[in-house]
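# Structure at a glance
Next come the chains, spelled out residue by residue.
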Amino acid sequence: MAEVGKNGDPTKDKDELQILKELVDELYNFKECYFETHSVEDAGRKQTDVAHMMEKTLQKLDETEERYKHKAEFLLQKGRCLNVAPTFSAVAEECLSRAVKLEPGLVEGWNTLGELYWKKGDLVAAENCFTGALQQSKNKVSLRNLSMVLRQLPAGDSVEQGKRVLESVDMARQAVQLDVADGTSWYILGNGYVSLFFNCGQNPQMSQQALSAYAQAEKVDRHASSYPELHFNRANMFQYEEMFGSALGGYSRAAALDPGWEEPTNREKQLLEYLGKVTELIENKGKVKARRLRTMLSNLSTSALGPCASPQFRSPAGRVGSLEPRTLSSLAHGVNAGVAALGKVVFSLAPEGRMTFTFGMVDSEETCVVVMVYNTADSWGVLIGDTVVIPEPQVKRQSVTHKDQKAC
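These lines cover the structure that appears in this document, whether it is placed above or below. Starting from 1, residues in each chain are numbered consecutively following that chain's sequence as written. Residues qualify for local features only when their pLDDT is at least 70, as the model is predicted, and side-chain atom pairs are given and counted only at 80 or more; totals for whole chains, interfaces and linings, by contrast, use all residues. Side-chain metrics in this entry use all non-hydrogen atoms of the structure; hydrogen atoms and water are not considered.

Our next topic: the overall build of the chain. Strands are runs of DSSP state E lasting at least 2 residues, helices are runs of H or I lasting at least 4, and numbering of each runs from the N terminus. Helices and strands together make up the secondary structure of the chain, namely 16 helices and 9 strands. For the radius of gyration, the atom set is restricted to C-alpha positions; the globular benchmark scales as 2.2 Å times the number of residues to the power 0.38. Here the C-alpha radius of gyration of the chain, 28 Å, is well above what a compact globule of 408 residues would show, namely 22 Å. In terms of principal-axis extent, the alpha carbons of the chain reach across some 95 × 45 × 35 Å. The proportion of buried residues among the 408 residues of the chain is 46%. Residue contacts are defined here by distance: any two heavy atoms, one from each residue, within 4.5 Å place the two residues in contact. The contacts of the chain with a sequence gap of at least 6 include a subset with a gap of at least 24, amounting to 58%. Total accessible area computed for the chain in this model is approximately 20900 Å², and 49% of it derives from carbon and sulfur atoms. Just so you know, the count uses Lys and Arg for positive and Asp and Glu for negative, and it drops His and the chain ends. The atoms used to mark charge sites are NZ of Lys, CZ of Arg, CG of Asp and CD of Glu. The average position of the 47 basic charges and that of the 53 acidic charges among the side chains of the chain differ by 5 Å. We call a residue buried when its accessible area falls under 20% of the maximum for its residue type, exposed when it is over 50%, and partly exposed in between, using a 1.4 Å probe and counting protein chains only. Throughout, the Shrake-Rupley method with a 1.4 Å probe supplies accessible areas, and for residues the shown protein chains are the sole cover considered.

Structure (structure tokens):
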């Protein structure tokens, strides 16, 4: 650790303040690079270790406070030191407020103060700080922080929310353009694309851009692989894309990196339970008795195709023409253009947490598959015995192993 000059040292004030800055930089580097010197098994100690180093750094700062307490740079470094903690610090707020008052052009001061207000829950004050910093100088930290704040500010309606998300993505893109080797900026851009996907029409291109941004974050910055939030947010996207093995791996990694964070463990458990339940129901054809199943399938006919049998039928992809009924076993992986799947409902699972509406369907060959339906109205559902026609079904075949155990 760098040493601070003592009273009587001929080192100039600016040199000593630079040494103080290096001390605080070392503190942040210790936090961000923790897993370069510690194993994942030590993750439960990380917060305590960082707090201990913060106290040691603060002690060094306190030794020179009498000499520099009216210097903006000293106040900035003390505020930064205290802000390394996960919770709001009133002392840090006082230091940083004084720092930017003494030196209004102190961009790092505005950014750190904005982060502090964010922890306090004052999003408007945080936004003002980041906007003020950008007025002084265009910088990646203000842009990416403003990107996150914009997505969290309350919106009057869905249109306003959509505009904010688009603006936030633009801010994140600008941050990446300023430094394409910054993993944090790429990660925040990935989060922006996730918000854009869910708030603005669920364009598949947006989900792929989100996953690409997360991958780029890890590629350009080795520290990004240690962000539990990256693994968690990407796992959410994987789950929606029905990439269940990757989702489970992401939740597990996030939990390992931050053992005190319960949500990744809960999501991992919930997804495993869902996959186990669905697998059992498919194997047992929804536990429908053989006689009842035969009775249900006896009245299954192509007349149920309805509008799908019309030459004027327009498919979701825009194709015009009647659809050919196909058995479930004959469907190919991916989108099956020009065909329709026809079957009877044998079970259904109401959405729980982030799980989508799910039901099981059996066709004339008694092949059973699971069907996942997205963006359903709260009142929508199916009953056992209902006839279902799926135009141009998109098929995915799943085989998931997690922690050396078969999940589905």
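Here the axes come from fitting lines to C-alpha atoms, over the contacting stretch only for helices, and the angles between their N-to-C directions go from 0 to 180 degrees. Helix α8 (residues 123-136) packs onto helix α7 (residues 107-120) with a crossing angle of 165° between their chain directions and a minimal axis gap of 8 Å. With respect to each other, α7 and α8 are oriented roughly antiparallel. Two packed elements cross with a definite hand, and for α7 against α8 that hand is left-handed. Here α7 contributes Val107, Trp110, Asn111, Leu113, Gly114, Glu115, Tyr117 and Trp118 to the contact with α8, which in turn contributes Leu123, Ala125, Ala126, Cys129, Phe130, Ala133 and Gln136. Gly falls in the polar group here, along with every residue not listed as nonpolar (Ala, Val, Leu, Ile, Met, Phe, Trp, Tyr, Cys, Pro) or charged (Asp, Glu, Lys, Arg). Residues belonging to the contact of α7 with α8 are distributed by class as follows: 11 nonpolar, 3 polar and 1 charged. Throughout, the term roughly parallel applies to angles under 35 degrees, roughly antiparallel to angles over 145, roughly perpendicular to angles from 65 to 115, and oblique to all others. Left-handed describes a crossing in which the near helix is turned anticlockwise from the far one by less than a right angle; the clockwise case is right-handed.

Think of a salt bridge as a Lys or Arg side-chain nitrogen and an Asp or Glu carboxyl oxygen that are within 4 Å of each other. Following the criterion strictly, the structure yields 20 salt bridges and no others. A salt bridge links arginine 67 to glutamate 16; the nearest nitrogen and oxygen atoms lie 2.4 Å apart. With arginine 67 in helix α4 (residues 65-68) and glutamate 16 in helix α1 (residues 13-32), this residue pair connects regions lying 51 residues apart in the sequence. A relative accessible area of 35% means that arginine 67 is categorised as partly exposed.

What follows is about helix α6 (residues 90-102). Residue count minus one, scaled by 1.5 Å, sets the expected span of a helix. For α6, which comprises 13 residues, the first-to-last C-alpha distance of 18 Å matches the rise-based estimate of 18 Å (1.5 Å per residue) to within 8%. When α6 is considered as a whole, its buried residues turn out to be Ala92, Glu93, Cys95, Leu96, Ala99 and Val100. The buried residues of α6 occupy one face: seen down the axis, they fall within an arc of 165°. Of the exposed residues in α6, the ones pointing more than 90 degrees away from its buried face are Ala90 and Lys101. Where the residues of α6 are buried, they touch α5 (72-83) and α7. The arc in question is traced by the directions running from the helix axis to the C-beta atoms.

On to the packing of aromatic side chains. Here a Phe, Tyr or Trp ring, Trp counted by its six-membered ring, pairs with any other such ring whose centre lies within 6.5 Å, and the pair is stacked when the planes are under 30 degrees apart, edge-to-face when over 60, and tilted otherwise. Scanning the entire structure with this criterion turns up 13 aromatic pairs. For the ring pair phenylalanine 197 and tyrosine 240, a centre distance of 5.3 Å and an interplane angle of 80° mean the geometry is edge-to-face. Taken as a pair, phenylalanine 197 in helix α11 (residues 183-199) and tyrosine 240 in helix α13 (residues 228-240) lie far apart in primary sequence, 43 residues in all. A ring pair is formed by phenylalanine 198 and tyrosine 240, whose centres lie 5.1 Å apart and whose planes are at 85°; its orientation type is edge-to-face. Pair noted here: phenylalanine 198 is in helix α11 and tyrosine 240 is in helix α13, with a separation of 42 residues, a long-range link. In textbook terms, an aromatic cluster arises when at least three aromatic residues are bridged by ring pairs, as seen for Phe197, Phe198, Tyr240 and Tyr374. Only lysine NZ and arginine CZ atoms are considered, and such an atom sits over a ring when it is within 6 Å of the ring centre and within 35 degrees of the ring normal. Its guanidinium or amino end placed over the ring of tyrosine 28, arginine 80 lies 4.9 Å from that ring's centre, counting from NZ or CZ.

As a further point, take the state of the cysteines. Only a pair of cysteine sulfur atoms within 2.5 Å qualifies as a disulfide here. Counted by the stated rule, this structure contains 0 disulfides. Cysteine 95 supplies the cysteine sulfur nearest to cysteine 81, a cysteine that is in no disulfide, at a spacing of 9.9 Å. Among the residues examined, cysteine 95 registers a relative accessible area of 6% and is labelled buried.

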